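The chain contents come next:
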Amino acid sequence: MESSYTLGRIHSIETMGTVDGPGIRFVVFTQGCPMRCLFCHNPDTWKTGAGAGTLMSVEQIVDEFESNRAFYRNGGITVSGGEPLLQPEFLADLFGAMHARPAGRVHTCLDTCGYAFDPDRPELTARVLDETDLVLLDIKHADPAGHRALTGRDPGRILAFGDELARRGIKTVIRHVVVPGYTDTVEECEALGRLIAPWRNVVGLEMLPYHTMGVAKYEQLGIAYPLAGVEPMDKARVPELREAVLRGMREARRR
Ligand code: SF4
């Protein structure tokens, strides 16, 4: 049952987001993440549980959105993180409320790593997905061992989440961070293409070059920077690697 009083643990809000979904977006960053990606530039979102983040109700967030509604005419709301699916009730109530706004339905976008999806209990996230118009799904590495090395986690749940999105036909944009020495080979990118080829709901592919803008946050938190010495990705190589993903996808679909 939808409730405007459901509370979420929120890291921060960006009122003029332009990179997380179409148009200008109200972006809510939730607190807490079960992954530990070596390239993460938001380690301050990792912590979960009591005292982490700021508690905000669905109503508070809707009110903030409504106070600037005109800006989001061609955009909508995005929930990112951290990992939003750690808080499925809050997310479902928020997206449900945005879809039911008397002033007009608001486009909802979920930016997720998918790891909080439990394939044995899909009902936990069903209500969220019922209210989600677009998913930005991060696939960190095409190879299971590479995935574990890069994120500290097995990719099984993430791929099961991708399957669930495809089964439901929810529009999905695949995001892939290109990290020198980890995910910047043609072979890995072609393998990524083969991996996502069965998902006919994929409507876009974003290749995100690794950058070092998160270093200062690690220093503030007193955490050793895991990719010390790795240079930012050369953006000139991104088109070639993007083409490798698309080639892998095309070839898998021809078989
Ligand atoms: S999933 Fe996102 S927030 Fe979590 S560790 Fe990875 S990059 Fe950071």
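Small disclaimer: the values here were computed from a predicted structure and weren't measured.

A. Main features of helix α4 (residues 144–151). Those residues of α4 that fall on the buried side of the exposure criterion are G146, H147, L150 and T151. Relative to the axis of α4, the buried residues are bounded by an arc of 105° and lie together on one face. The inward-facing, buried residues of α4 abut α5 (156–168). Just beyond α4, the residue with positive phi is G152, at close to 80°.

B. Expanded view of the UniProt feature "domain: Radical SAM core" (unreviewed entry) in the protein. The feature "domain: Radical SAM core" (unreviewed entry), as annotated in UniProt, sits at residues 19–250 in this numbering. Structurally, residues 19–250 comprises 35% helix and 18% strand, and the distance from its first C-alpha atom to its last is 27 Å.

C. Main features of the nonpolar core. Membership of the largest hydrophobic core comes to 65 residues, with the highest contact counts inside it found for I61, I77, L94 and F161. Among the elements that line this core, the one with the most residues is helix α2 (residues 88–99), at seven residues. Excluding residues within four positions of it along the chain, L94 makes contact with V58, I61, V62, I77 and V79.

D. Up close: the site of the ligand. Around the ligand, the neighbouring residues are C33, M35, C37, C40, T45, W46, G82, C113 and K140. Classifying every residue of the shell around the ligand gives six nonpolar, two polar and one charged.

E. The arrangement of the sheet that holds strand β6 (residues 134–138) in detail. The eight strands are arranged β3-β1-β2-β4-β5-β6-β7-β8 in an open sheet whose pairing can be described as mixed. Where the open sheet ends on each side, the last strands, each with one partner, are β3 (54–57) and β8 (202–209). The mean angle between the axes of side-by-side strands here comes to 30°, regardless of whether they run parallel or antiparallel. Pairing analysis gives five bridges linking strand β2 (residues 25–30) to strand β4 (residues 76–80), with the strands arranged parallel. Within β4, the residue paired with R25 across the bridge is G76.

F. Quick look at the packing of α2 against helix α3 (residues 123–130). Two elements in contact, α2 and α3, have axes whose closest approach is 8 Å; the angle formed by their N-to-C orientations is 20°. By the angle between their directions, the pair α2 and α3 is classed as roughly parallel. Relative to α3, the crossing made by α2 is left-handed. Taking contact as the criterion, the partners of P88, E89, L91, A92, D93 and F95 in α2 are, on α3, L124, R127 and V128. Here the residues of the contact of α2 with α3 are counted per class, giving six nonpolar, no polar and three charged.

G. View of the packing of helix α6 (residues 186–196) against helix α8 (residues 238–254). Put simply, α6 and α8 touch, their axes get as near as 7 Å, and they point 40° apart. Looking at the two axes, α6 sits oblique to α8. Like other packed secondary-structure pairs, α6 and α8 cross with a definite hand, here right-handed. Residue-level inspection shows V186, C189, E190, L192, G193, R194 and I196 of α6 in contact with α8, the latter providing E240, L241, A244, V245, R247, G248, M249, A252 and R253. The class makeup of the residues in the contact of α6 with α8 is nine nonpolar, two polar and five charged.

Rules and cut-offs
Residues numbered from 1 in each chain as written. Predicted model: local features only at pLDDT ≥ 70, side-chain atom pairs only at ≥ 80, totals over all residues. Heavy atoms only, no water. Buried < 20%, exposed > 50% of the residue type's maximum accessible area, 1.4 Å probe, protein only. Helix = DSSP H or I, 4+ residues; strand = E, 2+ residues; numbered from the N terminus. Arc of directions from axis to C-beta. Contact = heavy atoms within 4.5 Å. UniProt positions renumbered as here; feature names shortened; annotations may be inferred. Core = buried A, V, L, I, M, F, W, Y, C linked by side-chain atoms within 4.5 Å. Near = heavy atom within 4 Å. Nonpolar A, V, L, I, M, F, W, Y, C, P; charged D, E, K, R; others polar. Pairing = 2+ DSSP bridges. Axes fitted to C-alpha atoms, helices over the stretch in contact; angles between N-to-C directions. Parallel < 35°, antiparallel > 145°, perpendicular 65-115°, else oblique. Left-handed = near helix turned anticlockwise from the far one by under 90°.

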